[in-house]
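Structural overview for review
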Amino acid sequence: MIDVTVENFEAEVVAASMNGPVLVDFWAPWCGPCKSLGPVLEKLENDYAGRFKLVKIDSDQEQQIAGMFGIRSIPTCVLLMNGQPVDGFMGALPEGQVRAFLDKHIPSAEVIEAEIEEDEALEALSAGDTGAALEKLQHAVVTDPGNDDARFDYVKLLLQLGRDDDAKVAFAPVIAKAAGSARLGALKAWMDAIDFAAASAYGESAGAEFDAKIAANKRDFDTRFARARWHLAHQRFTDAMDELLEILMRDKAWNDETARKTYVHILELIEPPRVKVADGQIPPSDPVVATYRRRLSSVVLS
């Protein structure tokens, strides 16, 4: 708990709320209900173990701040996130109601733990330690099954390592969401391509077979698409996109825009993990992804 004045308001409240929720308790020494609410808030700050920050503002001494928030009675609590008030309550609520108020906005310990594990996994992956990355991503998914970003990274890494069956098991809980999610849809397209390659009649001479059929008919889009999926199944992503571009240059709307949709899925798959940058800076773009995005735009918009 921190006492806030005009002098430290910007640092302790506004700036701090950019990194996590800040609960502002407007009170006064003469206020009886404030004295009963104060210990409840301090107990919850301790119970939540850093998941929100509690600050107290004496509304009599800091009337400028109280006026800025439109405080009309005390105690009044205001929750700030990302520099803005998002919710609040008035009166000395019992602990259970204050806890319910906080839980509407503050991530659970499991969610935060999973996010930390995911960040550490991506750092391990960038350092080339796939074993540690896989372990941390698995733990993140188990800790917070609703973290689709961690699940995407986990399933993607399993597929990259050739652990297709494990990837399907890990993907099963979110398969119904694939149609409405760009990233999950991309994973499903990849796994479908792997199943296609495994079940198809194309053997080791697949490349020659594809070449012969396409040489006989440049508009054999079924064969071109099959070759693109074959490349995708074997993680030859740019080869797959090159083949899809051949379809798009000849027929943008072929088969309900299947070529374009698959191309976009592959762009999602080859997008490198996000990197941390300083506030206000833009993360660098991957040159391969940027190039293939431009190629798609030039074909689709031509």
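First, a word on scope: everything that follows refers to the structure included in this document.

What counts and how
- Per chain, the residues get numbers from 1 upward, laid out in the order the sequence is written.
- Predicted model: local features are reported for residues with pLDDT of at least 70 only, side-chain atom pairs are reported and counted for 80 or more only, and whole-chain, interface and lining totals are derived from all residues.
- Excluding hydrogens and water, the side-chain figures rest on all heavy atoms present in the structure.
- Numbering of helices and strands runs from the N terminus; a helix is a DSSP stretch of H or I covering at least four residues, while a strand is a stretch of E covering at least two.
- The globule rule used for comparison is 2.2 Å times the number of residues to the exponent 0.38, while the radius of gyration itself is calculated over C-alpha atoms.
- What makes two residues a contact is simply this: any of their non-hydrogen atoms within 4.5 Å.
- Using a 1.4 Å probe, the Shrake-Rupley method yields the accessible areas, and only the shown protein chains count as cover for residues.
- When charges are counted, Lys and Arg are positive and Asp and Glu negative, with His and the chain ends excluded.
- In this description, the location of a charge corresponds to atom NZ of lysine, CZ of arginine, CG of aspartate or CD of glutamate.
- Multiply 1.5 Å by the residue count of a helix minus one, and that product is the helix's expected span.
- The angle between axes fitted to the seven-residue stretch ending at a residue and the seven-residue stretch beginning at it gives the bend at that residue.
- Accessibility here uses a 1.4 Å probe with only protein chains present; expressed as a share of the type maximum, an area under 20% marks a residue as buried, one over 50% as exposed, and anything in between as partly exposed.
- DSSP calls a pair of strands paired once it identifies at least 2 bridges connecting them.
- Fitting a line to C-alpha atoms yields each axis, with helices limited to the stretch in contact; the angle taken between N-to-C directions then spans 0 to 180 degrees.
- We call a crossover right-handed when, viewed with the strands running away from us, the connection from the first strand over the helix to the second turns clockwise.
- In these notes the angle categories are as follows: under 35 degrees is roughly parallel, over 145 is roughly antiparallel, 65 to 115 is roughly perpendicular, and the rest is oblique.
- By definition, any crossing whose near helix is turned counterclockwise from its far helix by less than a right angle is left-handed, and any crossing with a clockwise turn is right-handed.
- Here the term charged refers only to Asp, Glu, Lys and Arg, the term nonpolar to Ala, Val, Leu, Ile, Met, Phe, Trp, Tyr, Cys and Pro, and the term polar to all other amino acids, Gly among them.
- Here a polar contact is recorded for every N or O atom pair within 3.5 Å, except that within protein the pair must consist of a potential hydrogen donor and a potential acceptor, and residues adjacent in sequence are included only if both atoms are side-chain atoms.
- The salt bridge definition used is simple: a Lys or Arg side-chain nitrogen within 4 Å of an Asp or Glu carboxyl oxygen.
- Working note: the arc is built from the helix axis to C-beta atom directions.

Details of the overall build of the protein chain
On a plain count of helices and strands, the protein chain comes out with 14 helices and five strands. Over its C-alpha atoms the protein chain spans a radius of gyration of 27 Å, topping by over 25% the 19 Å that the globule rule assigns to 302 residues. C-alpha extents for the protein chain along the principal axes are approximately 90 × 40 × 35 Å. By sequence separation, contacts in the protein chain at least 24 residues apart represent 63% of the contacts at least 6 residues apart. Summing over all exposed atoms, the protein chain offers an accessible surface of approximately 15700 Å²; the carbon and sulfur share of this is 52%. Separation of charge centres in the protein chain, based on 32 positive and 49 negative side chains, amounts to 7 Å.

A few points about helix α13 (residues 254–270)
Here α13 is 17 residues long and its end C-alpha atoms lie 24 Å apart, about the 24 Å a rise of 1.5 Å per residue gives. Lys-261 marks where α13 bends most, by close to 25°. Listed in full, the buried residues belonging to α13 are Trp-254, Thr-258, Ala-259, Thr-262, Tyr-263, Ile-266, Leu-267, Leu-269 and Ile-270.

Re the sheet that holds strand β2 (residues 22–27)
Reading across the sheet, the five strands line up as β1-β3-β2-β4-β5 and stay open at both edges, with mixed pairing between neighbours. Whereas interior strands pair on both sides, the edge strands pair on one side only; in this sheet they are β1 (2–3) and β5 (84–90). Here strand β4 (residues 76–81) pairs with β5 via six bridges, running antiparallel. Along β5, the bridge assignment pairs Thr-76 with Met-90. Relative to strand β3 (residues 53–58), helix α2 (residues 32–47) is tilted by about 160°, and along the sheet it contacts β2, β3, β4 and β5. Relative to β5, helix α4 (residues 95–103) is tilted by about 165°, and along the sheet it contacts β2, β4 and β5.

Quick word on the pairing of β3
Burial analysis of β3 places five of its six residues in the buried class, the great majority of the element. Sheet topology places β2 next to β3; six bridges connect them, and they run parallel. Its bridge partner being in β3, Val-24 is matched across the sheet by Val-55. For the handedness criterion, the β-α-β arrangement of β2, α2 and β3 is classed as right-handed.

Digging into the packing of α2 against α4
Their axes nearest at 10 Å, the elements α2 and α4 cross at an angle of 50°. Taken together, the axes of α2 and α4 are oblique relative to one another. Crossing angle aside, the handedness with which α2 passes α4 is right-handed. On α4, the residues touching Leu-37, Val-40, Leu-41, Lys-43, Leu-44 and Asp-47 of α2 are Glu-95, Val-98, Arg-99 and Leu-102. Looking at the contact of α2 with α4 residue by residue, the class counts come to six nonpolar, no polar and four charged.

Some points on the side chain of Asp-25
One can find Asp-25 in strand β2. Here the side chain of Asp-25 touches Lys-56 through a polar contact of 2.7 Å, side chain to side chain. Contacts of Asp-25, omitting those with residues within four sequence positions, involve Leu-37, Leu-41, Leu-54, Val-55, Lys-56, Ile-57, Pro-75, Thr-76 and Cys-77.

Digging into the side chain of Glu-45
Mapped onto the elements, Glu-45 comes out in helix α2. The buried charged residue Glu-45 lacks any salt bridge partner; its closest oppositely charged side chain belongs to Lys-53, at an N-O distance of 8.0 Å. Not counting residues within four places of it along the chain, the set of residues in contact with Glu-45 comprises Met-1, Gly-50, Phe-52, Lys-53 and Leu-54.

Focus: helix α5 (residues 109–126)
With 18 residues, α5 should cover 26 Å at 1.5 Å per step; its first-to-last C-alpha distance of 26 Å lies within 8% of that length. The set of residues buried in α5 consists of Ala-114, Glu-117, Glu-118, Ala-121, Leu-122 and Ala-124. Seen from one end, α5 has its buried residues packed into an arc of 155°, which puts them on one side. Next to the buried residues of α5 lie α6 (130–143) and α7 (148–160). Positive backbone phi, approximately 85°, marks Gly-128, located one or two places after α5.

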